[in-house]
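# Topology and contacts: notes
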Amino acid sequence: DPGVVVKFGAADALIVNGTLIAQGTNSDEIIFTSNDPSPAAGDWERIRFTSTGGENVLDHVIVEYSTYGAHWEDVSGIISNSIVRNQSVYGILLHNSSTEITANEINNNPYGIVAISNSNGGSSPEITLNEITQNNYGIYVSDTSPHVSDPVMNNNDLSGNNYYAIYTEGQY
């Protein structure tokens, strides 16, 4: 429900083996965060969507202070109008996923968005109208032969990332 705050302790994760529809509003986001009174990146593990679920939606949510942020593996979904900040490793991690990533603020993570192929296939997300700033790597794409990741990127603000706005590794 809009306005809900979900707090996680050390090593806690939300594993979604079904379908999660987290839909907040402009003024009442759903927040996934640390339960520590002085939160820091890496306080909890991640939100992980697995291949056993349907299309998962994160809309008008805040994901903060985890290790791996929002992670889609062998399943696709939508993350839109959301804030993904202050993770210790990844903001958004995609393994063989064509998740739509639209109109988000993704900042202060070592890796903003990571799209990786795995043994089941490549990642082909649509990354549109996001502010992907103040990360070490804005968007990082990596392939494992024989699968190729093929993201579509349009109209994103990739300013102020420390090392690379977009980094590719593999078959390009």
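Below, the structure is looked at part by part.

Along its length, the protein carries zero helices and 19 strands. A globule of 172 residues ought to have a C-alpha radius of gyration of about 16 Å, and the protein, at 15 Å, matches this closely. Expressed as lengths along the three principal axes of its C-alpha atoms, the size of the protein is roughly 45 × 35 × 30 Å. Considering only residue pairs separated by 6 or more positions, the protein has 58% of its internal contacts joining residues 24 or more positions apart.

It is worth spelling out the packing of aromatic side chains at this point. Taken as a whole, this structure holds twelve aromatic pairs when the rule is applied. With 4.7 Å between their ring centres and 25° between their planes, Phe49 and Trp72 make a pair best called stacked. Here Phe49, found in strand 5 (residues 47-49), pairs with Trp72, found in strand 8 (residues 70-73); they are 23 residues apart in sequence, far enough to count as distant. Taken together, a centroid distance of 5.1 Å and an interplanar angle of 15° make the contact between Tyr140 and Tyr167 stacked. Taken together, the residues Tyr140 in strand 17 (residues 137-142) and Tyr167 in strand 19 (residues 164-169) connect sequence positions 27 residues apart. Among the residues examined, Tyr167 registers a relative accessible area of 26% and is labelled partly exposed. An aromatic cluster is present here, built from Tyr68, Tyr90, Tyr111, Tyr137, Tyr140, Tyr163, Tyr164 and Tyr167 joined pairwise through their rings.

Considering the arrangement of structural elements, one finds Ser88 in the loop between strand 10 (83-85) and strand 11 (90-95). When the C-alpha positions of Ser88 and Glu45 are compared, they lie 9.5 Å apart, and in sequence the two are 43 residues distant.

What follows concerns the environment of Ile101. Summarising the element assignment, Ile101 is placed in strand 12 (residues 100-102). Looking at Ile101, the relative accessible area reads 0%, which means it is buried. It is 11 Å that separates the C-alpha atoms of Ile101 and Ile83, two residues lying 18 residues apart in sequence. Beyond its immediate chain neighbours, meaning those up to four positions away, Ile101 contacts Ile79, Ile92, Leu94, Ile106, Ile113, Pro125, Glu126, Ile127, Thr128 and Asn130.

Moving on: the pattern of salt bridges. In the structure shown here, the tally under the stated rule is three salt bridges. Between Glu45 and Arg46 there is a salt bridge; the shortest N-O distance is 2.8 Å. Residue Glu45 is classed as partly exposed on the basis of its relative accessible area of 26%. We note a salt bridge from Arg48 to Glu73, for which the minimum N-O separation is 2.8 Å. Of the two residues, Arg48 is situated in strand 5 and Glu73 in strand 8; the sequence distance between them amounts to 25 residues. Exposure remark for Arg48: the relative accessible area of 26% places this residue in the partly exposed category.

Each value, and the rule that gives it
Numbering of residues starts from 1 in every chain and runs along the sequence as written. In keeping with the predicted nature of the model, local features appear solely for residues at pLDDT of at least 70, side-chain atom pairs appear and are counted solely at 80 or more, and the whole-chain, interface and lining totals rest on all residues. Excluded from the side-chain calculations are hydrogens and water; all other atoms, namely the structure's heavy atoms, are used. Where helices and strands are cited, they refer to DSSP runs of H or I of at least four residues and of E of at least two residues respectively, numbered from the N terminus. For this measure, only C-alpha atoms enter the radius of gyration; the expected value for a globule follows 2.2 Å times N^0.38, where N is the number of residues. By the convention used here, residues are in contact when the closest approach between their heavy atoms is within 4.5 Å. Here is the rule: rings of Phe, Tyr and Trp (six-membered ring for Trp) pair when centre to centre is within 6.5 Å. Planes less than 30 degrees apart are stacked, more than 60 are edge-to-face, and the remainder are tilted. Relative accessibility decides the category of a residue: with a 1.4 Å probe and only protein chains considered, values under 20% of the type maximum give buried, values over 50% give exposed, and everything between is partly exposed. Just to be clear on terms, a salt bridge is a Lys or Arg side-chain nitrogen sitting within 4 Å of an Asp or Glu carboxyl oxygen.

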